[in-house]
Amino acid sequence: MFKQRGLLIVLSGPSGVGKGTVRKELFASPDTNYEYSISMTTRQPREGEADGVDYFFRPREVFEALIEEGKLLEHAEYVGNYYGTPLDYVNETLDSGRDVFLEIEVVGAAQVREKMPDGLFIFLAPPSLSHLEQRLVGRGTEVLEVIASRVAKARDELEMMDLYDYVVENDEVTKACDRINAIVTAEHCRRERVEERYLAMLEGE
Ligand SMILES: Nc1nc2c(ncn2[C@@H]2O[C@H](COP(=O)(O)OP(=O)(O)O)[C@@H](O)[C@H]2O)c(=O)[nH]1
Ligand SMILES: Nc1ncnc2c1ncn2[C@@H]1O[C@H](COP(=O)(O)OP(=O)(O)O)[C@@H](O)[C@H]1O
């Protein structure tokens, strides 16, 4: 039951809510103790992105072969490209006792929930749908039509909130990071208390 496995932390939420921004802020802090799982994608690298740092950029054939071989913990197609989480890295890191952090969209997160239900699932929510729209416009990476379809999609994605252990509002990035860190710390304490009680019961046998 208790193998000192690390904690799997999954951060998800609708497109444009600020997942990438919050994740980068978390990992910029020297206090962050989670290991970031670098995803694989078939999309082209953007300027400034490097293979093995931002993503593992792979051709579609390679990605599909890895799906076939069961080498991905989850995968999803998002705006015409595949994204997925390499399974071995997650398992090896958790087995070594370290926490792993995934930042993924909601379809993939639902697959992880099925396969690793003992993970900690955090949904990042915008203060409102109009905030979400403003952020997508502000990011400037999509044309207005795509933004409208993402906001429409976000309505469905928001319904998936109840599949998560926690909902964190991303009103301000630093506040959202503090909330996530507090949740992770509380989860570690909870697991330690359960373990202590379990061991105490065994000793009392
Ligand atoms: N399912 C899944 N989604 C991912 C993975 N890696 C990144 N994503 C999500 O894919 C979406 C698109 O990512 P990206 O192309 O980097 O664009 P951006 O985050 O919208 O700037 C985001 O919602 C990411 O959270 C992954 O391994 N699996
Ligand atoms: N708390 C926040 N307040 C205002 N703008 C934010 C906040 N968090 C993120 N943003 C902005 O919103 C846009 C979308 O953020 P991004 O991290 O790319 O979202 P996601 O990874 O969820 O698609 C970016 O322009 C980012 O700078």
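Since we're looking at a predicted model, the values are computed, not measured.

A. Expanded view of the nonpolar core. The biggest cluster of nonpolar side chains holds 21 residues, and the ones touching the most others in it are Val22, Ile122 and Ile180. Broken down by element, the residue count for this core peaks at five residues, all from helix H7 (residues 173-203). The residues contacting isoleucine 122, other than those within four sequence positions of it, are Ile9, Val10, Leu11, Ser12, Tyr164, Tyr166, Val168, Ile180 and Ile183. Residues Leu94, Ala109, Met116 and Ala125 belong to the second largest nonpolar core, which totals 18 residues.

B. Geometry of H7. With 31 residues, H7 should reach 45 Å at 1.5 Å per residue; the first-to-last C-alpha distance of 45 Å fits that figure. Every buried residue of H7 is accounted for by Ala176, Cys177, Ile180, Ile183, Val184, Glu187 and Glu195. Looking at the buried residues of H7, the elements they touch are strand E1 (8-12), helix H1 (19-28), strand E8 (120-125) and strand E9 (166-169).

C. Spotlight on the sheet that holds strand E5 (residues 72-78). Across the sheet, which stays open at both edges, the four strands sit in the order E4-E3-E6-E5 with mixed pairing between neighbours. Looking at the sheet topology across the chains shown, the edges are occupied by strand E4 (56-57) and E5. Pairing of E5 with strand E6 (residues 81-86) involves six bridges; the strand directions are antiparallel. Bridging across to E6, leucine 72 finds its partner in proline 86. Against the sheet, helix H2 (residues 60-68) touches strand E3 (40-41), E5 and E6, its axis set at about 45 degrees to E6. Sheet strands touched by helix H3 (residues 87-95): E5 and E6. Its angle to E6, the strand with the most contacts, is close to 25 degrees.

D. Molecular detail of the UniProt feature "binding site: ATP" (unreviewed entry) in the chain. Following the UniProt record, one finds the feature "binding site: ATP" (unreviewed entry) at Gly13, Pro14, Ser15, Gly16, Val17, Gly18, Lys19 and Gly20. In this structure, glycine 16 sits in the loop between E1 and H1. Using a relative accessible area of 14% as the deciding quantity, one classes glycine 16 as buried. In this structure glycine 16 touches Leu132, Arg135, Leu136 and Arg139, once residues within four positions along its chain are discounted. The residues contacting lysine 19, other than those within four sequence positions of it, are Leu11, Ser12, Gly13, Pro14, Glu103, Ile104 and Leu124.

E. Fine view of the sheet that holds strand E2 (residues 35-36). Pairing is parallel across the open sheet formed by five strands, whose spatial order is E2-E7-E1-E8-E9. Either end of the sheet is taken by a strand with one partner, and the two such strands are E2 and E9. Taken together, the two bridges between E2 and strand E7 (residues 100-103) define a ladder with parallel strand orientation. Bridging from a neighbouring strand, glutamate 35 pairs with valine 100 of E7.

So, how was this worked out
- Residues numbered from 1 in each chain as written.
- Chains lettered and ligands numbered in written order.
- Predicted model: local features only at pLDDT ≥ 70, side-chain atom pairs only at ≥ 80, totals over all residues.
- Heavy atoms only, no water.
- Core = buried A, V, L, I, M, F, W, Y, C linked by side-chain atoms within 4.5 Å.
- Buried < 20%, exposed > 50% of the residue type's maximum accessible area, 1.4 Å probe, protein only.
- Helix = DSSP H or I, 4+ residues; strand = E, 2+ residues; numbered from the N terminus.
- Contact = heavy atoms within 4.5 Å.
- Expected span 1.5 Å × (residues − 1).
- Pairing = 2+ DSSP bridges.
- Axes fitted to C-alpha atoms, helices over the stretch in contact; angles between N-to-C directions.
- UniProt positions renumbered as here; feature names shortened; annotations may be inferred.

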